[in-house]
Amino acid sequence: MIEAPPPAVETLSVSKTYPNGTQALQPVDLTVQQGEFVTLLGPSGCGKSTLLKMVAGLLPPSDGRILLWRQPVDRIEAGDHRLSFVFQEAKLMPWARVQANVRLPLDLARVPRGEADARVEEVLKLVGLEKFATSRPRELSGGMQMRV
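A brief structural summary. What you see is a predicted model, and the numbers here were worked out from it, not measured in a lab. (Residues numbered from 1 in each chain as written. Predicted model: local features only at pLDDT ≥ 70, side-chain atom pairs only at ≥ 80, totals over all residues. Heavy atoms only, no water.)

**Side note on the pattern of salt bridges**
The final tally for this structure, using the stated rule, is 5 salt bridges. Here R70 ties to E10 by a salt bridge, and the two come within 3.1 Å at their closest N and O atoms. Here R70, found in the loop between β3 (63-68) and β4 (71-72), pairs with E10, found in strand β1 (residues 9-17); they are 60 residues apart in sequence, far enough to count as distant. (Salt bridge = Lys/Arg side-chain N within 4 Å of Asp/Glu carboxyl O. Helix = DSSP H or I, 4+ residues; strand = E, 2+ residues; numbered from the N terminus.)

**Thoughts on helix α3 (residues 113-126)**
The terminal C-alpha atoms of α3 lie 20 Å apart, and with 14 residues this matches the ideal 20 Å at 1.5 Å per residue to within 8%. Residues A116, V120 and L124 constitute the buried set of α3. Buried positions in α3, seen along its axis, are confined to an arc of 65° and lie on one side of it. Those residues of α3 that are exposed and angled more than 90 degrees off the buried face are G114, E121, E122, K125 and L126. Looking at the buried residues of α3, the elements they touch are α2 (98-108). G128 sits one or two residues past α3 and shows a positive phi near 75°. (Expected span 1.5 Å × (residues − 1). Buried < 20%, exposed > 50% of the residue type's maximum accessible area, 1.4 Å probe, protein only. Arc of directions from axis to C-beta. Contact = heavy atoms within 4.5 Å.)

**Side note on the sheet that holds β3**
Pairing within the open sheet is antiparallel, and its 4 strands lie in the order β2-β1-β3-β4. What marks the edges here is a single partner per strand, and that holds for β2 (23-32) and β4. Pairing analysis gives 2 bridges linking β3 to β4, with the strands arranged antiparallel. Looking across to β4, one finds that L68 is bridged to Q71. (Pairing = 2+ DSSP bridges.)

**What to know about unusual backbone geometry**
Of note in the backbone geometry, W69 takes a positive phi value of approximately 50° without being a glycine. Structurally, the position occupied by W69 is in the loop between β3 and β4. The class for W69 is buried, based on a relative accessible area of 13%. At R110, a position not held by glycine, the phi torsion is positive, near 60°. Position of R110 relative to the elements: it lies in the loop between α2 and α3. Residue R110 is classed as exposed on the basis of its relative accessible area, which comes to 75%.

**Looking at the packing of α2 against α3**
Remark: α2 packs on α3, axes separated minimally by 9 Å, with the N-to-C direction vectors making an angle of 120°. What the angle tells us is that α2 and α3 run oblique. The handedness of the crossing between α2 and α3 is right-handed. Between α2 and α3, the residues in contact are V98, Q99, V102, R103 and L106 and R113, A116, D117, R119, V120, V123 and L124, respectively. (Axes fitted to C-alpha atoms, helices over the stretch in contact; angles between N-to-C directions. Parallel < 35°, antiparallel > 145°, perpendicular 65-115°, else oblique. Left-handed = near helix turned anticlockwise from the far one by under 90°.)

Below is the structure:
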């Protein structure tokens, strides 16, 4: 019998209260299986973005635990799994050209420059932005910035 892979994401009574007393998220239990597509729905201010930031390791929970592939969120980089996060708004370095913005995660991961440049070229072509590689973010539409 084939054993099922561990859940990709598990939140166990995760909550967030800011130092000023604002409760951004009441306890949430959530399990997301590997390959599963999940949508978080709710009114503005209910904690959707807060939960996602905590799952991505960008914000610590006030209480509860977050596990990614059964590992604590702060240990995920040590394993074989990777997690990515796409912000609601484009978060680009305004002074840098498109290719430098796209290459940044590869530079941070210490991917060799030649390999990184080839990958940047490939993904820019994939999203239809190869002609904008040397443009600055301010020269792009909002949709193009999100693709970057």
